[in-house]
Amino acid sequence: MLWPLSTALAADEPDLIFRRSTVFKLLSPNDKLATYGVDDPEVEGVACHFTVPEKGGFKGWLGLAEQVSDISLACRQIGPIHFKDKMEQGGDMFRQRRSLFFKKMQIVRGCDAKRNVLVYMVYSDKLIEGSPKNSTSSVPIMPWGAEASIEKCGDFVQ
């Protein structure tokens, strides 16, 4: 019930692609894996997909369950890449609550200027301690279609 109230601060709300049940619960919602898509709000032409476990049961249904930190991430170039503005190394691209009060998931973005590659990392943190569980995805900036110009991500890092 409270799960839809989670907020994305850097990007728009993610698009649910699909969910798949992983643990059957007789009288309450099942545990699931959910895959979402989100566009990078500051870099046109890049989209990320992430899969998160969603706790079922009555606590999960009420939005009170602490969600685990196992999150996978894949980001890809989906069109010509254009930077809207300067960006911060390791700046938030997307943020979402994973529990009612204490945990949030974050996708952060950086630039490997030497290789002209955007690097995305997903991790979760708690109010008191973080999680070492993380996933990284790279997006090499390549020409797209007839457009021959390639922007350099290093030119847009603050």
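Residues numbered from 1 in each chain as written. Predicted model: local features only at pLDDT ≥ 70, side-chain atom pairs only at ≥ 80, totals over all residues. Heavy atoms only, no water.

(A) Just the pairing of strand 2 (residues 31–39), in detail. Looking at chain direction, strand 2 and strand 3 (residues 43–54) are connected through 8 bridges and run antiparallel. Counted as the bridge partner of Val 38 is Cys 48 from strand 3. What sits between the antiparallel neighbours strand 2 and strand 3 is a turn of 3 residues. (Pairing = 2+ DSSP bridges. Helix = DSSP H or I, 4+ residues; strand = E, 2+ residues; numbered from the N terminus.)

(B) Broad picture of the environment of Gly 79. Checked against the element boundaries, Gly 79 lands in strand 4 (residues 72–83). Sequence spacing of Gly 79 and Trp 144 is 65 residues, and the spatial spacing of their C-alpha atoms is 6.2 Å. Excluding anything up to four places from it in sequence, Gly 79 contacts Gly 45 and Trp 144. (Contact = heavy atoms within 4.5 Å.)

(C) Just the nonpolar core, in detail. Val 43, Phe 50, Leu 73, Phe 83, Ile 107, Leu 118 and Tyr 120 are the most contacted members of the largest nonpolar core, which has 25 residues in total. Secondary-structure elements contributing two or more residues to this core are strand 2, strand 3, strand 4, strand 5 (91–97), strand 6 (103–112) and strand 7 (117–126). For this core, the element with the highest residue contribution is strand 3, accounting for 5 residues. What Phe 83 contacts, discounting residues up to four positions off in sequence, is Glu 42, Val 43, Leu 118, Ile 141, Glu 151, Lys 152, Cys 153 and Phe 156. (Core = buried A, V, L, I, M, F, W, Y, C linked by side-chain atoms within 4.5 Å. Buried < 20%, exposed > 50% of the residue type's maximum accessible area, 1.4 Å probe, protein only.)

(D) Examining the confidence of the model for the protein more closely. The pLDDT averaged across the protein works out to 82; a share of 73% of its residues lies at or above 70. Contacts for the low-pLDDT stretch residues 1–9, under 50 throughout, to residues beyond four places or in other chains number 24 contacts. (pLDDT = per-residue confidence, 0-100.)

(E) Unusual backbone geometry, seen in detail. Its identity is not glycine, yet Asn 116 carries a phi of approximately 55°, on the positive side. Mapped onto the fold, Asn 116 is located in the loop between strand 6 and strand 7.

(F) Just a nonpolar patch on the surface, in detail. Together, Phe 24, Leu 26 and Leu 27 make up a nonpolar patch on the protein surface, roughly 430 Å² of accessible area in all. Considering the arrangement of structural elements, one finds Leu 26 in the loop between strand 1 (15–23) and strand 2. (Patch = residues over 30% accessible without salt bridge, like charges linked within 9 Å, V, L, I, M, F, W, Y side chains within 5 Å. Areas by Shrake-Rupley, 256 points an atom, 1.4 Å probe, with all protein chains shown as cover. Salt bridge = Lys/Arg side-chain N within 4 Å of Asp/Glu carboxyl O.)

(G) Quick look at empty space enclosed by the protein. If you walk through the whole model with that rule in mind, you get 1 cavity of 30 Å³ or more. Within this model, the largest cavity holds a volume of roughly 50 Å³. If you trace the largest cavity, you find 11 residues lining it, with Pro 80, Ile 81, Met 142, Ser 149 and Ile 150 closest to the centre. Of the residues assigned to the lining of the largest cavity, the class counts are 7 nonpolar, 2 polar and 2 charged. (1 Å grid on protein atoms, 1.4 Å probe; cavity = no way out; pocket = protein on both sides within 12 Å on 5 of 7 lines; lining within 4 Å. Points joined across faces, edges and corners; volume = space filled by probe spheres on them. Nonpolar A, V, L, I, M, F, W, Y, C, P; charged D, E, K, R; others polar.)

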